[in-house]
Amino acid sequence: MYAAVDGIRTQGSVLVAIGEAGIGKSSLLRAAAAHARDSGYQVLEVSGVESEVGMPFAGLHQLLRPILPSLDAIPPAQQRALRSAFGLSDGPGDSLFLIALATLSLISEAAVERPVLVILDDLQWLDEPTRDVLAFLARRIGNDPIVIVCARRTGYPDPFGDASLGQLEVSGLDENDARQLLLQHGGDLDAADREAVLEQAAGNPLALVELSAVARNVAHDPALIPLSARLERAFAARIDELPRITRDATLIAAVDTEGETSEILAATEALSGSPVTLDVLEPASAIGLIDFDLVHVRFRHPLMRSALIQCESGARHRAAHSALAAALEKNQYRRTWHRAQSIVGPDEEVADELELSHVESLRRGAVVAAICALERSAQLTTDDSARGRRLLMAAEHAFGLGRADLVDRMIAAASLTPLSALDQARMEWLREIFHDGVPGDDQHILELCRVARASADAGDTDLALNLLIGAALRCWWANPGEVARARVASVTLSLRGAREDPRYVAALAVAQPVLQARTVLGILSEISVETVLDAEALRLLGLAAHAVGDQPLALDFLQRAERKLRDQGRLGLLSHVLGVQGVVRLDLGDWAGSDSATEEARRLAQDTGQMIWSVGPLVNEARSAALQGNSEQALQLAAASEQMPTLRSLNLFLACAQLARGFALITEGRHNEAFEALRRVFDPADPCFHPRERFCGVMFVAEAGVYADRRDEARRIIADMEDLTRVTPSPLLAVQLLYARAVLADDDAESRYREALAADLTRWPWVRARIQFAYGAWLRRQRRRIESREPLRQALGVFRLIGAKAWAENAQTELRAAGDRTATAVPVSLQRLTPQELQIARMAAQGMSNREIGQQLFLSPRTIGSHLYRIFPKLDITSRNQLSARMT
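Residues numbered from 1 in each chain as written. Predicted model: local features only at pLDDT ≥ 70, side-chain atom pairs only at ≥ 80, totals over all residues. Heavy atoms only, no water.

### As for the overall build of the protein chain
On a plain count of helices and strands, the protein chain comes out with 47 helices and seven strands. Across the protein chain, every contact between residues at least 6 apart in sequence was considered, and the portion connecting residues at least 24 apart equals 67%. In the structure as shown, the protein chain presents an accessible area of about 35600 Å², 50% of it carried by carbon and sulfur atoms. (Helix = DSSP H or I, 4+ residues; strand = E, 2+ residues; numbered from the N terminus. Contact = heavy atoms within 4.5 Å. Areas by Shrake-Rupley, 256 points an atom, 1.4 Å probe, with all protein chains shown as cover.)

### Re helix α9 (residues 205-212)
In an α-helix, one turn spans 3.6 residues, which is why side chains three or four residues apart end up on the same side. In terms of burial, α9 is a largely internal element, seven of the eight residues being buried. For α9, every residue scored as buried is listed here: Pro205, Leu206, Ala207, Leu208, Glu210, Leu211 and Ser212. (Buried < 20%, exposed > 50% of the residue type's maximum accessible area, 1.4 Å probe, protein only.)

### Topic: the pairing of strand β3 (residues 116-121)
Among the six residues that make up β3, six are buried, leaving the element largely enclosed by the rest of the structure. Across six bridges, strand β2 (residues 42-47) lies against β3 in parallel orientation. What sits directly across from Glu45, in β3, is Ile119. As judged from the five bridges shared by β3 and strand β4 (residues 146-153), these two strands associate in the parallel manner. Across the sheet, residue Val118 finds its bridge partner in β4, namely Ile148. Regarding the hand of the β-α-β motif, the stretch spanning β3, helix α6 (residues 128-138) and β4 is right-handed. (Pairing = 2+ DSSP bridges. Right-handed = clockwise from strand over helix to strand, strands pointing away.)

### Notes on the packing of helix α7 (residues 175-186) against α9
Their axes nearest at 9 Å, the elements α7 and α9 cross at an angle of 30 degrees. Put simply, α7 runs roughly parallel to α9. Handedness of the α7/α9 crossing: right-handed. Residues Ala178, Leu181, Leu182, His185 and Gly186 of α7 form the contact with α9, whose participating residues are Pro205, Leu208, Val209 and Ser212. Across the contact of α7 with α9, the residue classes tally to six nonpolar, three polar and no charged. (Axes fitted to C-alpha atoms, helices over the stretch in contact; angles between N-to-C directions. Parallel < 35°, antiparallel > 145°, perpendicular 65-115°, else oblique. Left-handed = near helix turned anticlockwise from the far one by under 90°. Nonpolar A, V, L, I, M, F, W, Y, C, P; charged D, E, K, R; others polar.)

### Details of helix α44 (residues 835-845)
Burial analysis of α44 places eight of its 11 residues in the buried class, the great majority of the element. Looking only at α44, the buried set comprises Gln836, Glu837, Leu838, Gln839, Ile840, Ala841, Met843 and Ala844. Where α44 ends, the next residue or the one after it, Gly847, has phi of about 95 degrees, a positive value.

### A look at the packing of aromatic side chains
For the structure shown, the criterion picks out 11 aromatic pairs. Ring centres of Trp591 and Trp766 lie 4.7 Å apart, and the angle between their planes is 65 degrees; this geometry places the pair in the edge-to-face category. Placement of Trp591 in helix α31 (residues 591-607) and of Trp766 in helix α41 (residues 765-781) is noted, with a sequence separation of 175 residues between them. By the burial criterion, Trp591 is buried, and Trp766 matches it. Arranged with centres 6.1 Å apart and planes meeting at 45 degrees, the rings of Tyr753 and Trp778 form a pair that is tilted. In this pair, Tyr753 sits in helix α40 (residues 749-758) while Trp778 sits in helix α41, placing the two residues 25 residues apart along the sequence. (Phe/Tyr/Trp six-rings, centres within 6.5 Å; stacked < 30°, edge-to-face > 60°.)

### A word on the side chain of Thr250
Its place among the elements puts Thr250 in helix α12 (residues 244-255). Here Thr250 is in contact with Leu242, Ala284, Leu289, Phe299 and Leu308, once residues within four sequence places are set aside.

### Considerations on the pattern of salt bridges
Summed over the entire model, instances satisfying the criterion amount to 56 salt bridges. Between Glu396 and Arg426 there is a salt bridge, with its nearest N and O atoms 2.9 Å apart. Of this pair, Glu396 sits in helix α20 (residues 384-401) while Arg426 sits in helix α22 (residues 421-432), and the two are 30 residues apart along the sequence. Judged by relative accessible area, Glu396 falls into the partly exposed class, the value being 28%. Linked through salt bridges whose partners overlap, the residues forming this network are Arg247, Asp248, Glu312 and Arg316. (Salt bridge = Lys/Arg side-chain N within 4 Å of Asp/Glu carboxyl O.)

### Looking at the nonpolar core
Judged by nonpolar contacts, the single largest core of 218 residues is most densely connected at Leu64, Leu82, Leu120, Phe160, Trp766 and Phe799. What Phe799 contacts, discounting residues up to four positions off in sequence, is Trp766, Ala769, Arg770, Phe773, Ala804, Trp807, Ala808 and Ala811. By size, the runner-up hydrophobic cluster in this structure holds 27 residues, among which are Leu242, Ile252, Ala253 and Leu271. (Core = buried A, V, L, I, M, F, W, Y, C linked by side-chain atoms within 4.5 Å.)

### Quick word on the sheet that holds β2
Reading across the sheet, the five strands line up as β2-β3-β4-β1-β5 and stay open at both edges, with parallel pairing between neighbours. Unpaired on one side and paired on the other, β2 and β5 (166-169) mark the two borders of the sheet. Taken over all neighbouring pairs, the strand axes of this sheet differ in orientation by 15 degrees on average, direction set aside. Here helix α2 (residues 25-38) sits on the sheet in contact with β1 (13-19), β2, β3, β4 and β5, set at roughly 165 degrees to β3.

### Examining the confidence of the model for the protein chain
In this model, the protein chain carries a mean pLDDT of 85, and residues with pLDDT of at least 70 account for 90%. When the criterion is pLDDT under 50, residues 217-227 qualifies, and its contacts beyond four places in sequence or with other chains add up to 15 contacts. (pLDDT = per-residue confidence, 0-100.)

Structural data, given as structure tokens:
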């Protein structure tokens with residue numbers, strides 16, 4: 001453990017000590033903390049408390065308290081997030097991940113002055129929001145002088161997952177060491193008592209010390225009592241010796257969430273009914289139960305706290321909570337929580353207070369606490385309709401977290417109550433929302449549309465739009481047939497006064513991307529990107545533009561959404577935006593940007609527990625690899641995506657995998673196989689068919705048809721696409737057809753090429769370069785070698801810039817055949833960077849500081865500096881000032 005602490009001078013790490021209660025984990029942490037302090041480190045500490053599990057950010061507040069005076073050093077939005085989470089200021093609720101980012105920034109600021117050791121004892125009892133924040137922190141300290149050393153009991157999950165540097169299994173003492181320790185603490189025991197203690201302690205250090213104090217009782221304990229229970233019983237034997245008023249005070253301390261001395265004394269007065277002073281705590285300190293000062297009361301071991309709780313009756317627990325509630329008159333939020341723990345039967349007043357308190361939990365970013373408050377509120381009310389409404393509110397918040405388990409639990413309870421028609425509709429939406437995209441689910445889609453129609457008729461257009469978005473997404477991920485698609489569109493179109501809602505246009509676009517494209521593009525044309533302020537609205541508008549194939553407009557919406565979501569720390573939605581951006585940038589020719597967006601989308605989706613968004617990027621990675629000439633990798637990724645249970649039954653991903661396969665085969669020159677792969681995407685009877693995704697393959701199926709000498713088959717496919725242009729003005733389809741018409745033309749080929757190059761393809765550099773290359777190659781074949789050189793040179797420049805290696809090689813070959821000897825290969829150094837390195841390099845080239853880049857990418861400034869240290873030699877530069885020239 002000392003080695004882990006000493007190692008933080010070079011890079012951060014996470015170490016988890018695991019073992020049973022009393023095995024010595026806390027002692028190891030104390031030793032590590034002392035060693036770190038002696039070496040000049042800042043030590044931040046927190047111990048999980050079982051009674052605090054329901055109090056959001058209680059652990060985080062305790063951990064950060066020593067460095068909160070430095071809060072002004074981090075960005076204002078992050079300051080507000082932490083202050084709001086800790087109840088130090090009023091304001092709108094912030095996302096958990098903005099609070100996590102603020103924590104990272106604050107600890108990183110502290111680490112600038114000196115290395116930081118974060119000590120987390122009894123990790124399993126920290127409140128869930130605190131654990132989530134610490135897991136975020138653990139994944140992002142790899143290059144910072146920060147180390148996290150924590151302890152958790154055996155049998156509890158590790159919230160840090162892959163971030164853990166290592167796990168230290170803390171085992172018991174061997175027999176010799178156990179006997180030595182027992183002699184120090186129980187030397188006066190007779191041989192029989194010593195053997196009884198040794199047998200039942202089983203090498204557990206704390207058990208040896210504590211059981212030796214009550215050895216004569218231990219010998220008669222049942223052998224099968226769990227060790228923690230035996231220790232608690234040993235502690236309880238000490239507690240029995242305390243004066244009544246001291247027992248009252250220690251019980252209050254055991255159920256309190258803050259451990260503030262003044263608060264505990266005030267509650268003790270309320271419980272005992274008599275005045276108390278600080279002296280009331282002395283007997284508990286004298287027997288080693290607690291430590292205290294004028295500010296805080298701390299238990300010397302977590303088992304001592306749990307022993308106190310175990311040995312008191314339920315009535316005493318409730319009385320302690322009631323006393324704390326009385327002492328917290330000025331803190332309504334905590335007062336309500338303790339009142340709720342102090343009662344058994346229904347209580348309408350407390351139920352109503354709990355419903356109100358859930359708003360404060362949301363404001364603090366503690367969504368799980370808000371759900372618990374609503375669930376407890378539902379339990380305490382006698383009004384069945386209020387109970388159902390509160391449970392559905394809790395289910396909606398659980399949906400926002402992506403917690404299907406909580407949603408199912410709340411819905412199951414709500415279904416037992418009498419619900420209004422609107423609440424029935426809301427329950428139907430929540431029941432279905434986690435199952436978007438199940439193939440062959442046209443009946444589910446029709447049912448969602450029926451419920452949406454009923455909701456709209458009852459006056460709840462908001463719920464209707466939520467239901468329709470769910471139904472539309474089913475149509476997008478899978479192919480339920482035209483009847484279901486048409487029904488989603490018709491119900492959406494029938495909603496009065498909803499046209500300006502982003503969900504309206506998104507539902508139309510996603511459900512019927514071909515037939516509704518004209519309507520969708522008309523609505524989008526009325527919207528100025530700069531006037532849209534809401535990040536979720538921007539995301540939906542970007543999704544709508546992408547669905548109908550207006551990729552430049554989609555990128556404009558999505559980039560603005562990305563900036564706002566980064567500022568707000570909303571990582572869950574940011575992963576969605578970046579995932580769609582990856583696809584859009586690929587179509588437009590920004591392949592490096594696509595790779596960066598896709599890689600970050602997958603990482604953030606994993607961080608936020610969104611399965612489909614974490615594995616879905618595989619198909620985009622496959623397409624990108626194919627286009628950049630990495631055909632073997634592309635074919636492997638395409639095959640892997642088709643085997644994933646999450647993706648293999650969804651037509652959208654099957655179509656994307658097939659496109660990737662076709663692109664890869666083209667780059668390998670296997671055009672006949674490529675044509676066979678690509679034509680499946682255009683066949684409505686094939687599982688790989690997708691009505692909108694096929695637009696991305698138009699250029700390629702035409703190219704494969706030409707080189708495989710299957711022009712007539714390719715022309716039939718393109719003719720079907722031409723027919724669609726009478727229905728849809730999709731820009732993606734239009735620009736791809738410019739290429740396909742020209743390469744498949746006979747007598748009028750030149751006019752087709754000129755028509756294509758006359759089009760405005762400013763935002764479509766990849767398509768324009770493809771057309772220029774094809775035109776140059778055609779001119780050379782017509783023996784117009786000098787004329788062919790300019791379009792070939794222009795195409796070669798773009799191919800090199802975006803990393804289209806196979807096409808760049810073909811363009812060089814054509815230029816040499818055209819007599820141009822100046823076209824020599826040049827290294828594309830940017831391709832040596834990973835997607836994340838490229839993203840950082842671009843931001844640094846724009847003049848952003850390490851701190852500003854870190855805020856955007858949710859990394860610490862030191863981590864950014866470490867990335868730049870690796871980037872410079874890859875780009876053959878030595879300073880930040882050279883980045884701008886290299887990145888152009």
